[in-house]
Amino acid sequence: MTRLVARLLLAVMIFPTSILFFFILMVLVSGRGNPSLSEVVVVWATTLTYIGLYWLWLWRNSIRWTMGRVVATAGMSVGAIALGLAAYLVLRKQAQIPEEPAAILGGVVTPIAWVIGTILLWRENDRERAARLAKLSEATVACPLCGYNMTGLHDTRCPECGHHPTLQEFIASQHDSPDREMART
Ligand SMILES: [Zn+2]
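Model, not experiment: these values are computed from the prediction.

**Description of the overall build of the protein chain**
- Summing up its helical and strand segments, the protein chain has nine helices and zero strands in all.
- Its helices and strands taken in sequence order, the protein chain reads α-α-α-α-α-α-α-α-α from the N to the C terminus.
- The C-alpha atoms of the protein chain give a radius of gyration of 25 Å, which is well past the 16 Å a tight globule of 185 residues would have.
- In terms of principal-axis extent, the alpha carbons of the protein chain reach across some 80 × 30 × 25 Å.
- Within the protein chain, buried positions represent 13% of all 185 residues.

**Considerations on the domain arrangement of the protein chain**
- According to the domain assignment, the protein chain contains domain 1 (3-123) and domain 2 (131-183).
- The gap between the C-alpha centroids of domain 1 and domain 2 is 45 Å.

**Brief notes about the packing of helix α2 (residues 14-30) against helix α3 (residues 37-58)**
- It is at 9 Å that the axes of α2 and α3 come closest, and there the two elements cross at 150 degrees. Our classification of the angle between α2 and α3 gives roughly antiparallel. Judged by the twist between their axes, the crossing of α2 over α3 is right-handed. Contact with α2, carried on its side by Ile14, Ser18, Phe21, Phe22, Leu25, Met26, Val29 and Ser30, involves Glu39, Val42, Val43, Thr46, Thr47, Tyr50, Ile51, Tyr54 and Trp55 of α3 and no other residues of that element.
- Residue classes in the contact of α2 with α3 are distributed as 12 nonpolar, four polar and one charged.

**Notes on the nonpolar core**
- Counting 10 residues, the largest nonpolar core consists of Phe22, Val40, Val43, Trp44, Leu48, Ile51, Tyr88, Leu91, Ala102 and Ala103.
- Listed by contribution, the elements that provide at least two residues to this core are α3, α4 (67-93) and α5 (99-107).
- When sequence neighbours within four positions are dropped, the list of residues in contact with leucine 48 reads Thr110 and Pro111.

**Remarks on the packing of α3 against helix α6 (residues 109-122)**
- Packing of α3 against α6 leaves a shortest axis separation of 11 Å and a crossing angle of 20 degrees. Compared by their axis directions, α3 and α6 come out roughly parallel. You can see that α3 and α6 cross each other, and the crossing is right-handed. In contact with Leu48, Ile51 and Trp55 of α3, α6 contributes Thr110, Pro111, Val115 and Thr118.
- Partitioning the contact of α3 with α6 into residue classes produces five nonpolar, two polar and no charged.

**Overview of the environment of threonine 46**
- Summarising the element assignment, threonine 46 is placed in helix α3.
- A C-alpha to C-alpha distance of 13 Å links threonine 46 and valine 108, two positions 62 residues apart in sequence.

**A closer look at α5**
- What α5 keeps buried is the set Ala102, Ala103, Gly106 and Gly107. Projected down its long axis, α5 carries its buried residues within an arc of 120 degrees, all on one side.
- Buried residues belonging to α5 abut α3, α4 and α6.

**Observations regarding the confidence of the model for the protein chain**
- The predicted model of the protein chain has a mean per-residue pLDDT of 89, with 92% of residues at 70 or higher.
- At the low end of the mean pLDDT range in the protein chain sits helix α9 (residues 178-183), at 48; at the high end sits α6, at 97.

**Notes on the environment of aspartate 155**
- Structurally, aspartate 155 is set in the loop between α7 (126-140) and α8 (167-174).
- Taking the C-alpha atoms as reference, aspartate 155 lies 50 Å from glycine 52; in sequence the two are 103 residues apart.

What counts and what doesn't
Residues numbered from 1 in each chain as written. Predicted model: local features only at pLDDT ≥ 70, side-chain atom pairs only at ≥ 80, totals over all residues. Helix = DSSP H or I, 4+ residues; strand = E, 2+ residues; numbered from the N terminus. Rg over C-alpha atoms; globule rule 2.2 N^0.38 Å. Buried ≥ 20, exposed ≤ 12 C-beta atoms within 10 Å, placed from the backbone. Domains from an automatic or database assignment. Axes fitted to C-alpha atoms, helices over the stretch in contact; angles between N-to-C directions. Parallel < 35°, antiparallel > 145°, perpendicular 65-115°, else oblique. Left-handed = near helix turned anticlockwise from the far one by under 90°. Contact = placed C-beta atoms within 7 Å. Nonpolar A, V, L, I, M, F, W, Y, C, P; charged D, E, K, R; others polar. Core = buried A, V, L, I, M, F, W, Y, C linked by C-beta atoms within 7 Å. Arc of directions from axis to C-beta. pLDDT = per-residue confidence, 0-100.

Written out as structure tokens, the structure is:
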């Protein structure tokens, strides 16, 4: 399994593990009785912190933290919390659902909105992708035998070790890493 595949599988696991985390906390906080509204709020705050840390840890090496992206992520996080509150109020007023179940259900909106928001904000834009691919192709033009950087040469003969592969051998040697293949997508 490549690292990228492992990370995608861990990404899929964020919601099931969050649900488990939420219910374990709920049982710990409220015991056998029905939870109070403040208990539900505390459990949600802790669960949202877990989700935020899990997601940031998972994608820590894949996000380019520009100033614009930091500000947008902070604003989007506030918006996701506001959406959860709005969902709570709709469930309370429109659907006449009691406080605690309305808080449990309404709170679900925040992590879903936040994770979708991070996917949209953290993915690389066209300029970042072009820069990454340019860097990648630069790095791959190397002698298959000694690794000498052959960028800009017109011949496959290595000036360092004298190895002279055919074009086919040369190209094949540049694409041997599955991680590198995945990085191109
Ligand atoms: Zn060489």
